[in-house]
Amino acid sequence: MPLSALRPMEPKPDRAAALIRTEALSVTLGRGTGRQEILHDIDLAVPEGAFVCLIGPSGCGKSTLLKALGGLVLPSAGRVTVAGLEPAEAARRRMIGLVFQDANLLPWKNALDNVALLRGIADKSLSRAELRERAQAMLDLVELGDAARRRPHELSGGMRQRVAIARALALDPAVLLMDEPFGALDAITRDAMSRSLLDIWQRTGKTIILVTHSIEEAVYLASEVHVMGIRPGRIIETLHVPLPYPRGDAVLDSAEFGQAERRLRALLRLSHQPGDGR
Amino acid sequence: MSLGTASLADVERPGWRVATEGWLPALILAFAAVLAWEAAVRVFSVSPYIVPAPSAIVAALWREWPTLASATLVTAREILIGFVVSAVVGIALALLIVRFDWLGRALYPLIVLFQNVPKVALAPIFILWFGYDLAPKIGLITVIAFFPVTLSMLAGMESVDPSLLALMRSVGTGATDILFKIRVPHSLPQLMAGLKIAATFSVIGAIVGEFAGASAGLGYTIQFASTQLDTALVFAALALVSVLGVGFYYLVELVETIAVPWAPKFNRD
């Protein structure tokens, strides 16, 4: 597996270079009187190789936006493209790796077989040995190389989530879509996972879009944070985080970090106000 | 139990508390109950036709052993075959219902409707159709025992996390792969719970089947002995039925431990 050298990331606002793009995306869910516009007029351009966080209050539709990007929810207006393709088509071509809050591992398979599962189904060209080799490499990447034979119930919550990340990476996707992947973990494990994820991102060069409601997590991880508001769910502001990668622990104490946190907190206060008199 | 808590118990618990560990409480209670039974029958000189003393039941067991042993074998065979048929029918129905949506919508209400027919009442009809041998017992056991198998497997297959299904489908996993690679293994712990219920229902089915018409078996022995007012023999046969039932139950549990090691276990942690 080629591990690209650590490289500093510059956020590229250039829309032409965007790997993932939404144009006037709206999503309406529910039937009859329960019908509700969850997302309204979202324009998003995520450059290749970026680490983007979506943050916002509950009910702002950040998970729905992520699902729309992954092809799990269809737009009711506007369009979404991943590398120029419909998201569902991109997913079938193994270009999208999904990680949810729950690791969703199969309890009857060990870590290695869980990691190999999706790739094995989506890609019949690999032999069993190649598949296992790849799964083992991904487990090594998430620092679980020696836990390959262990079943999910023998792993901690953080380790299970690492397996889920390895499973997504085993697809060799262009983009990782992560829906509050560390939401169910304790604070100490969260910090360790954040550090690992940055490391994995820099080593693999994947584009990552991560939904969170932790301000600190968003500032620490992302090159670009999209702040979402409610009723209807929309992007109210995009914040560029001017901290260079790799971000060591010293970054957390820097003035820029504190500044970005304060700015984000102020934006999130705004985000609770419904827009356009709806 | 982990080693840590076990050693803690050694330190803190007085010696007599050993009696409250493991199987011992159940054994002590059973022994006390049998003793009280024996004493009550002797003290109040209860007629052996009404309630025989435990010692009389053991004597009957000893005296009639050859008859009882062959009756046990006959009934065990009915239970085993009936249970296997119920399991196969129950699992097949659950798979068909989940795999073919339209078939599920057609079948499921009918199965629930059929479940409300008092199946014990079918025993005479099965005798009429299939005669006095093995076949009517297998039929009766199957109609009684397939339902918990189907229901538990359905519940297990439908309780797969929707986001796992979304994940599988996003890479283009087909319905058959989702059924056999995800839903079926996921349902196994619940299926095993259903099979344990089916195991006990199979015993009931065999005995009811023999009551309705048979020339051998423990149910037949119970009926025959009661017409002879040999109540001790009735109880002896009843004891053997219970042993059979418990045996089948633990056989299924043994299979579970081997086949579904990740199943949640009561009384283990």
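Scroll up to find the structure.
The structure contained in this document is the topic of the report that follows. (Residues numbered from 1 in each chain as written. Chains lettered and ligands numbered in written order. Predicted model: local features only at pLDDT ≥ 70, side-chain atom pairs only at ≥ 80, totals over all residues.)

1. Quick notes on the sheet that holds strand β2 (residues 36-47) of chain A
Residues and elements named next belong to chain A.
Next up, step 1: Spatially, β2-β1-β4 is the arrangement adopted by the three strands of the open sheet, whose pairing is antiparallel. Pairing within the sheet leaves two strands with one partner each, and these edge strands are β2 and β4 (77-82). For this sheet, the mean inter-axis angle between neighbouring strands, taken without regard to orientation, is 20°.
Next up, step 2: As judged from the five bridges shared by strand β1 (residues 18-29) and β4, these two strands associate in the antiparallel manner. The partner of R21 across the bridge, within β4, is T81. (Pairing = 2+ DSSP bridges. Helix = DSSP H or I, 4+ residues; strand = E, 2+ residues; numbered from the N terminus. Axes fitted to C-alpha atoms, helices over the stretch in contact; angles between N-to-C directions.)

2. Points about the interface of chain B and chain A
Next up, step 1: Taken together, the contacts link twelve residues of chain B with 19 residues of chain A.
Next up, step 2: Going through the elements one at a time, α8 (162-170) and α9 (175-212) of chain B are the ones with two or more residues in the side of chain B that touches chain A.
Next up, step 3: The biggest single contributor to the side of chain B that touches chain A is α8(B), with five residues.
Next up, step 4: When its residues are assigned to classes, the side of chain B that touches chain A shows six nonpolar, four polar and two charged. (Contact = placed C-beta atoms within 7 Å. Nonpolar A, V, L, I, M, F, W, Y, C, P; charged D, E, K, R; others polar.)

3. Quick word on the environment of G229(A)
Next up, step 1: Tracing the backbone through its elements, the reader meets G229(A) in strand β8 (residues 224-229).
Next up, step 2: Separated by 190 residues in the primary sequence, G229(A) and L39(A) place their C-alpha atoms 9.8 Å from one another.

4. As for the packing of helix α3 (residues 111-122) of chain A against helix α5 (residues 157-170) of chain A
Residue and element names in this part refer to chain A.
Next up, step 1: The contact between α3 and α5 brings their axes to 7 Å, and the two run at 35°. Remark: the crossing between α3 and α5 carries right-handed chirality. Contacts between α3 and α5 involve A111, N114, V115, A116, L117, L118 and R119 from the former and V163, A166, R167 and A170 from the latter.
Next up, step 2: Residue composition of the contact of α3 with α5, by class: eight nonpolar, one polar and two charged. (Left-handed = near helix turned anticlockwise from the far one by under 90°.)

5. Quick word on α5(A)
All names here are of chain A.
Next up, step 1: End to end, α5 covers 20 Å across 14 residues, agreeing with the expected 20 Å (1.5 Å per residue, within 8%).
Next up, step 2: α5 sits mainly inside the fold: eleven of its 14 residues count as buried.
Next up, step 3: Listed in full, the buried residues belonging to α5 are R160, Q161, R162, V163, A164, I165, A166, R167, A168, L169 and A170.
Next up, step 4: Those residues of α5 that are buried lie in contact with β5 (96-99), α3, α4 (128-141), β6 (175-179) and α6 (187-204). (Expected span 1.5 Å × (residues − 1). Buried ≥ 20, exposed ≤ 12 C-beta atoms within 10 Å, placed from the backbone.)

By themselves these figures say nothing about function.
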